[in-house]
Number of protein chains: 6
Amino acid sequence: FKPDELEGFDQVGVVNGLAWTSVGGELLQVEVSVLKGTGKLELTGSLGDVMKESAQTAVSVVRRIGERYGIDPDFYKSSDIHIHFPEGAVPKDGPSAGVTIVTALISALSDVKVRHDVAMTGEITLRGRVLPIGGLREKTMAAYRNKITTVILPKQNEPDIEEMEPVVRQALTLRPVSQIEQVLQIALCEGQKKGPRQPLPAQKPLPAATGEAPVHSSPIPIPQ
Amino acid sequence: FKPDELEGFDQVGVVNGLAWTSVGGELLQVEVSVLKGTGKLELTGSLGDVMKESAQTAVSVVRRIGERYGIDPDFYKSSDIHIHFPEGAVPKDGPSAGVTIVTALISALSDVKVRHDVAMTGEITLRGRVLPIGGLREKTMAAYRNKITTVILPKQNEPDIEEMEPVVRQALTLRPVSQIEQVLQIALCEGQKKGPRQPLPAQKPLPAATGEAPVHSSPIPIPQ
Amino acid sequence: FKPDELEGFDQVGVVNGLAWTSVGGELLQVEVSVLKGTGKLELTGSLGDVMKESAQTAVSVVRRIGERYGIDPDFYKSSDIHIHFPEGAVPKDGPSAGVTIVTALISALSDVKVRHDVAMTGEITLRGRVLPIGGLREKTMAAYRNKITTVILPKQNEPDIEEMEPVVRQALTLRPVSQIEQVLQIALCEGQKKGPRQPLPAQKPLPAATGEAPVHSSPIPIPQ
Amino acid sequence: FKPDELEGFDQVGVVNGLAWTSVGGELLQVEVSVLKGTGKLELTGSLGDVMKESAQTAVSVVRRIGERYGIDPDFYKSSDIHIHFPEGAVPKDGPSAGVTIVTALISALSDVKVRHDVAMTGEITLRGRVLPIGGLREKTMAAYRNKITTVILPKQNEPDIEEMEPVVRQALTLRPVSQIEQVLQIALCEGQKKGPRQPLPAQKPLPAATGEAPVHSSPIPIPQ
Amino acid sequence: FKPDELEGFDQVGVVNGLAWTSVGGELLQVEVSVLKGTGKLELTGSLGDVMKESAQTAVSVVRRIGERYGIDPDFYKSSDIHIHFPEGAVPKDGPSAGVTIVTALISALSDVKVRHDVAMTGEITLRGRVLPIGGLREKTMAAYRNKITTVILPKQNEPDIEEMEPVVRQALTLRPVSQIEQVLQIALCEGQKKGPRQPLPAQKPLPAATGEAPVHSSPIPIPQ
Amino acid sequence: FKPDELEGFDQVGVVNGLAWTSVGGELLQVEVSVLKGTGKLELTGSLGDVMKESAQTAVSVVRRIGERYGIDPDFYKSSDIHIHFPEGAVPKDGPSAGVTIVTALISALSDVKVRHDVAMTGEITLRGRVLPIGGLREKTMAAYRNKITTVILPKQNEPDIEEMEPVVRQALTLRPVSQIEQVLQIALCEGQKKGPRQPLPAQKPLPAATGEAPVHSSPIPIPQ
Ligand SMILES: [Ca+2]
Ligand SMILES: [Ca+2]
Ligand SMILES: [Ca+2]
Ligand SMILES: [Ca+2]
Ligand SMILES: [Ca+2]
Ligand SMILES: [Ca+2]
Ligand SMILES: [Ca+2]
Ligand SMILES: [Ca+2]
Ligand SMILES: [Ca+2]
Ligand SMILES: [Ca+2]
Ligand SMILES: [Ca+2]
Ligand SMILES: [Ca+2]
């Protein structure tokens, strides 16, 4: 198989999601642009209704928690937000890109890069809970194929980890989370500014979140 | 069966509803976020038309009675309201979440927490009447599974209580109501601020509502 | 059969309509809330297109004649109007709730109560004519079951009175009308303010409306 | 057959149209209300798309020619216009009510009554031409049944007059027209203010319109 | 056959188009009204989506080139434009009325009459190119039947001229064009103000357009 | 076959795209007009949903990068943008016109001409990446037929070059790109102002883009 062409550097407003379709898992990037404007929200990329609602929920989450990340609380009326999923001809649906969209929004609005070697999946709720998703096995295979090192997944999907391909399970650092703040702490580059990037070591759980250490404490190089 | 993962603490803007589907009863949470804005109403979670209209009716009820709960009467134009039902891929419909939505709105707008051990079901009308619903037996089984201690139900559903599972009937405190004010008096935490939370004892009926005492006067611990 | 639970007191903005469905007649209440706002019209209760247009026509009638009932002529831009038909899951359609909606609007906007023992049916036109409806026999049976004492019906339906159930015909005071002003004179409580409520005696026809006396000049107690 | 109940007096904003359906001709009234407002156009009465467009065309005609009839040229932004066709449950469509709608609009906006014994049919174009319609035979039968004395029809339908029922043709005064100004001159009551109403004698053609005298120069009493 | 009734004089905002349907060619007039307003665009006459887009394209063309014809460049926000195709019950679609709509718009906005003996067909592009159309043979037959003397057609349709009916080809002056400015030069009456109207002689090609002389250099009287 | 009629000169706001349909490749021009306005976006030409979203994405790209090309950053609210694809009756869809639309927008907004002998294809993402497309063989045949000299294609489509017709491959200069800035550097005429136009020699890769030289270093004259 031919791995999708990923850009090998961290960017603002671009986050790796993971999708699960009838033909397997797939890396599904989201792009967010913040444009000077009047508060319009643009959603493109052949998104189904559930996915559009997921994006609206993500925007509301960011409006509620954005100030903690240095985001102007009036962004929703002084900016236009465009959320786009590339490969515009491919229909996409489902709620599992929720955490991906929140992360891309926070990145674009705060001008903080996102780790390009991290991928994630999880439904988001209005108050920031991360709900379980389907297809973890297939999604992690897609992450592995695309040279992702770290996958963020919902804590409620931990029982599904045992069904992963052994080689994939060995290669990836899995980070189960239950709150969006944990996702952002892992995926945003802010903490990495003062030195060369290293694969993230196992992190201490967030003060407000109880004990969700990475399933694999040290990343394993991806075989090629 | 695996109980849904409920958070074990009271929150603002989060209320436990009860749904009845072809595969049984289910706990159906509603989340409400109040965001500084311009009066937009956002409804997400794969809601059908009847449920959307139920939410609009709930908003009108809150606009009418909100001041009694300390809510700024201009909220409808200075705030955006987002009402979300998690598990965004699951279609949801019907009017029976009416009281749940009113409660979540009042909580979010007045910043008062809602009891996390209470669940409720009931259609709401524009002037605050609570109309009967279907599936009481299945809904109360879902409440029991999720460690709810108190279920608020429409007074007109009292005849359906005898069809409940005996063990569920023993475990739950049932609170039949006919007006939304009764729902709020039971579910909002305001009265519990000055001391440790206790399972609510049987309450006196509201002055304006005639004699709807709990069916079970003392809560029974849920077996595990 | 179990009679619908009607509240036994007069209210503002609540009027008893009568619907005719494939399974018989039914009491169909309408609720109107007037909220400080910007002129939005909200229609809920699973209404079909004809019924929605009927509500819009009713609003226009009230905008034209409202001042005679002490209603601020600018209400249409300083208020939001919500018209709701309870039992939100039941589809409702047809033009025959026109007079009911006008009455509820006038009541809510002028803060005058509506008689709870009166029910009504009739299509409304833009200049206030009351047009004939179908299902008089079934509708009056529903009124009788719900302990209504007085039914307002279109004058053009007088020929259908002979098809009513004899016991229903004996029990109900029938008030044929051809203009909305007649409906309002019968249904609004204003005239009853100065004394205890009595079942309405036969009224003199309105000056502008020719000779439409009640078909039964004195109300007959409803057997129970 | 039972004739529709027509009100026997001239009114403002009410005009008799003539419709042609699969079950024959029918009198189809249009009602127009002009309400203080902000320029909204409301169309009700189960109108099909062609009929809605016909109403929009009629409004544009009135915006263009209204000043000649004393109408405030800014009405389109200081008033809301409601155009309603009674019997709201009956679907209606087609362009042949165009002249009827223009006449009702001019009447309502200029506060001039319309002759209640006149009925009309004809498509209207943006610059006021009257285009031919179908079903003249059936439509004139409906006019006859409803005690109409004068029928305005498109000049291009003159060849269809010979297919009319002889008794109907004898009873009605037919007024073929090709321009909307001719319609208004016949139907508006303005000219009749100074004396008792008489059935209109044959009129001179309008200066700008060539020679369209009534087909019957003197009205014939309708047999009853 | 019975020729459509055409008015025998030049008008502002009225242009003869040519349509091609399954039953042959047809003369298809467009009417444009410019009303004091706020920039709304009204499209009526049972137009299909392609034709509506064609009208929007025509409006954009006029917004771009209008000043050359003395049109206030702010017309798009100080006027409402109504584009109507008579015979409102007949569905119409396709892009070939593009040049007709542009001509009617320019005429209505600049108050210059359009030649009533000219008919035209051609798709318009945003920068004013005239693209080829279908049905030239049928369309020119309709023009001939309606006593048109001059037909404007797309230059790219010149190869189709040989398929025209010989008698029609003899009777009509054909004017192939590739740019909208050529259409306007032929159809607008401005140039004819100083003297009696003559059938247009063969014109010099526009400076910017290369050599598109009329196919027939002198008009031939239409036999009757 | 008959080649489409292309205008033989460079224009502002007109760009040659390449489409791939069931009947082969086709040259598909896009036209953009920028009109003084209020920020409306008009999309015409029978575009499917994917293509409309592609246009919206293109607009957002231009809002983000436009200033580098001298475009007023407020254009999105002081101008109306009309994007039109001629041959309005032909349905068009898919994301592969993304780069074409961006190029036409940049040209129209900056008043810089676009090379008329260049055609292009490629999906655009929000941050300006050029994604691969289908039908390269057919699209390049259409370019060849239309006397295009240079075709811009996505770098990820380089493997498809070997499937091109040999004669086409000989005749065309192919320019694989991965970023929109490369497209603009090739297609915009700005760089050619100081001298007679020459077929573009192989260009140095953009500083920010790594080594994408033309596949054919010198253009080959098209046989006729
Ligand atoms: Ca892919
Ligand atoms: Ca799932
Ligand atoms: Ca669940
Ligand atoms: Ca129910
Ligand atoms: Ca009922
Ligand atoms: Ca009826
Ligand atoms: Ca009738
Ligand atoms: Ca017809
Ligand atoms: Ca015709
Ligand atoms: Ca064609
Ligand atoms: Ca083509
Ligand atoms: Ca593709």
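On a predicted model such as this, the values are computed, not experimentally measured, just so you know. (Residues numbered from 1 in each chain as written. Chains lettered and ligands numbered in written order. Predicted model: local features only at pLDDT ≥ 70, side-chain atom pairs only at ≥ 80, totals over all residues. Heavy atoms only, no water.)

Asks: Got a minute to help me understand the interface of chain F and chain A in this structure?
Replies: Quoted interface sizes are often the accessible area lost when the parts come together. Across the boundary between the two partners, chain F contributes 19 residues, which contact 23 residues of chain A. Between chain F and chain A, a total of about 1800 Å² is buried, with carbon and sulfur atoms accounting for 45% of that surface. It is Glu53(F), Leu126(F) and Arg127(F) that lose the most area in chain F upon contact with chain A, and together they represent 33% of the buried surface on that side. Run the count over chain F and chain A and you get 3 salt bridges. The residue Arg127(F) makes a salt bridge to Glu31(A) at a minimum N-O spacing of 2.4 Å. For the side of chain F that touches chain A, the elements supplying multiple residues, two or more each, are helix H1 (49–65) and strand E6 (123–124) of chain F. Considering every element that reaches the side of chain F that touches chain A, the biggest residue donor is H1(F), with 7 residues. Residue composition of the side of chain F that touches chain A, grouped by class: 6 nonpolar, 6 polar and 7 charged. (Contact = heavy atoms within 4.5 Å. Buried area = accessible area lost by both parts, 1.4 Å probe. Salt bridge = Lys/Arg side-chain N within 4 Å of Asp/Glu carboxyl O. Helix = DSSP H or I, 4+ residues; strand = E, 2+ residues; numbered from the N terminus. Nonpolar A, V, L, I, M, F, W, Y, C, P; charged D, E, K, R; others polar.)

Asks: Which parts of the structure should I look at to understand the relation of the copies chain E and chain D?
Replies: Between the two chain copies there is a screw-like relation: a rotation about an axis and a shift along it. Screw-axis analysis of chain E against chain D gives a translation of 0.1 Å along the axis, an RMSD of 0.0 Å, and a rotation angle of 60 degrees. The transformation just described matches what one would write down for a six-fold rotation axis. (Least-squares fit on C-alpha atoms with pLDDT ≥ 70 in both.)

Asks: Mind showing me how you'd approach the sheet that holds strand E10 (residues 150–154) of chain E here?
Replies: What links the strands of a sheet is backbone hydrogen bonding, and the strands pair in either a parallel or an antiparallel sense. Residues and elements named next belong to chain E. In spatial order, the strands read E4-E5-E3-E2-E7-E10-E11; together these 7 strands make up an open sheet with mixed pairing. Sheet topology places strand E4 (41–44) and strand E11 (173–177) at the edges, where each strand pairs with a single neighbour. Pairwise comparison of adjacent strand axes, ignoring direction, gives a mean angle of 25 degrees for this sheet. Here 5 bridges tie E10 to E11, and the two strands are oriented parallel to one another. The residue bridging Pro154 from the neighbouring strand is Val177, located in E11. Docked against the sheet, helix H1 (residues 49–65) engages strand E3 (24–36), E4 and strand E5 (79–84), running at close to 145 degrees with respect to E4. (Pairing = 2+ DSSP bridges. Axes fitted to C-alpha atoms, helices over the stretch in contact; angles between N-to-C directions.)

Asks: Looking at this structure, how should I read the interface of chain E and chain D?
Replies: With 23 residues of chain E at the contact, the number on the chain D side is 19 residues. Summed over both partners, the interface of chain E with chain D comes to about 1800 Å²; 46% of that surface belongs to carbon and sulfur atoms. Across the chain E-chain D interface, the total number found is 3 salt bridges. Viewed at the interface, chain D and chain E are joined by 17 residue pairs in polar contact (both at pLDDT 80 or more). When residues of the side of chain E that touches chain D are traced back to their parent elements, those giving at least two are E3, E4 and E5 of chain E. The leading source of residues in the side of chain E that touches chain D is E3(E), at 6 residues. Class assignment of the residues belonging to the side of chain E that touches chain D gives a composition of 6 nonpolar, 10 polar and 7 charged. (Polar contact = N/O pair within 3.5 Å; in protein donor to acceptor, adjacent residues only side chain to side chain.)

Asks: Teacher, can you tell me more about the coordination of the calcium ion (ligand 11) here?
Replies: Ideal values differ by geometry: the angle at a metal is 109.5 degrees with four tetrahedral donors, but 90 or 180 degrees with six octahedral donors. Residue and element names in this part refer to chain F. Here the calcium ion (ligand 11) is held by the protein donor atoms Glu26 (OE) and Glu87 (OE), which lie 2.3 to 2.6 Å from it. Of this pair, Glu26 sits in strand E2 (residues 24–36) while Glu87 sits in the loop between strand E4 (79–84) and helix H3 (98–110), and the two are 61 residues apart along the sequence. Since its relative accessible area comes to 29%, Glu26 is described here as partly exposed. According to the relative accessible area criterion, Glu87 is partly exposed, its value standing at 35%. (Donors = N, O, S within 2.8 Å, 3.2 Å for Na, K, Ca; no water. Buried < 20%, exposed > 50% of the residue type's maximum accessible area, 1.4 Å probe, protein only.)

Asks: I'm lost on the environment of Val177(D) in this one. Help?
Replies: By the secondary structure assignment, Val177(D) is in strand E11 (residues 173–177). In this structure, the C-alpha to C-alpha distance between Val177(D) and Gln156(D), residues 21 residues apart in sequence, is 8.3 Å.

Asks: Could you clarify how one ought to interpret the pairing of strand E9 (residues 173–177) of chain F in this entry?
Replies: The side chains of a regular strand alternate between the sheet's two faces. Buried residues dominate E9(F), accounting for 5 of its 5 residues. Of the crossover connections in this fold, the one passing from strand E8 (residues 150–154) of chain F over helix H5 (residues 166–171) of chain F to the parallel E9(F) is right-handed. (Right-handed = clockwise from strand over helix to strand, strands pointing away.)

Asks: Honestly, the pattern of salt bridges in this entry has me stumped. Any pointers?
Replies: For side chains of opposite charge, pairing can occur when their charged atoms come near one another. Residue and element names in this part refer to chain F. This structure, assessed with the given rule, holds 42 salt bridges over all chains. A salt bridge links Arg137 to Glu165, with the nearest nitrogen and oxygen atoms 2.8 Å apart. With a gap of 28 residues between them, Arg137 in helix H4 (residues 136–145) and Glu165 in the loop between E8 and H5 connect regions that are remote in the sequence. For Arg137, a relative accessible area of 31% puts it in the partly exposed group. The exposure class assigned to Glu165 is partly exposed, which follows from its relative accessible area of 26%. A salt bridge links Glu158 to Lys155, with the nearest nitrogen and oxygen atoms 3.1 Å apart. Judged by relative accessible area, Lys155 falls into the partly exposed class, the value being 28%.

Asks: Mind showing me how you'd approach the pairing of strand E10 (residues 150–154) of chain C here?
Replies: All names here are of chain C. Buried residues dominate E10, accounting for 5 of its 5 residues. Neither face of E10 is exposed, since Thr150, Ile152 and Pro154 on one face and Val151 and Leu153 on the opposite face are all buried. Across 3 bridges, the pairing between strand E7 (residues 118–120) and E10 is parallel. The residue bridging Ala119 from the neighbouring strand is Val151, located in E10.

Asks: Which parts of the structure should I look at to understand helix H4 (residues 136–145) of chain A?
Replies: Each full turn of the α-helix corresponds to 3.6 residues, which orients residues three or four apart in the same direction. Residues and elements named next belong to chain A. Within H4 the residues assigned to the buried category are Leu136, Lys139, Thr140, Ala142, Ala143 and Tyr144. Packing partners of the buried residues in H4 comprise strand E2 (14–21), strand E3 (24–36), strand E10 (150–154) and helix H5 (166–171). Positive backbone phi, at 65 degrees, marks Lys147, one or two positions downstream of H4.

Asks: I tried to follow the packing of helix H1 (residues 49–65) of chain D against helix H3 (residues 98–110) of chain D on my own but got confused; where do I start?
Replies: Residue and element names in this part refer to chain D. At their nearest, the axes of H1 and H3 sit 9 Å apart, and the two run at 45 degrees to each other. On the basis of the axis angle, H1 is oblique to H3. Both H1 and H3 take part in a crossing whose hand is right-handed. Contact residues: Ser54, Ala55, Ala58, Val59, Val61, Val62 and Ile65 in H1; Gly98, Ile101, Val102, Leu105, Ile106 and Leu109 in H3. Residue composition of the contact of H1 with H3, grouped by class: 11 nonpolar, 2 polar and no charged. (Parallel < 35°, antiparallel > 145°, perpendicular 65-115°, else oblique. Left-handed = near helix turned anticlockwise from the far one by under 90°.)

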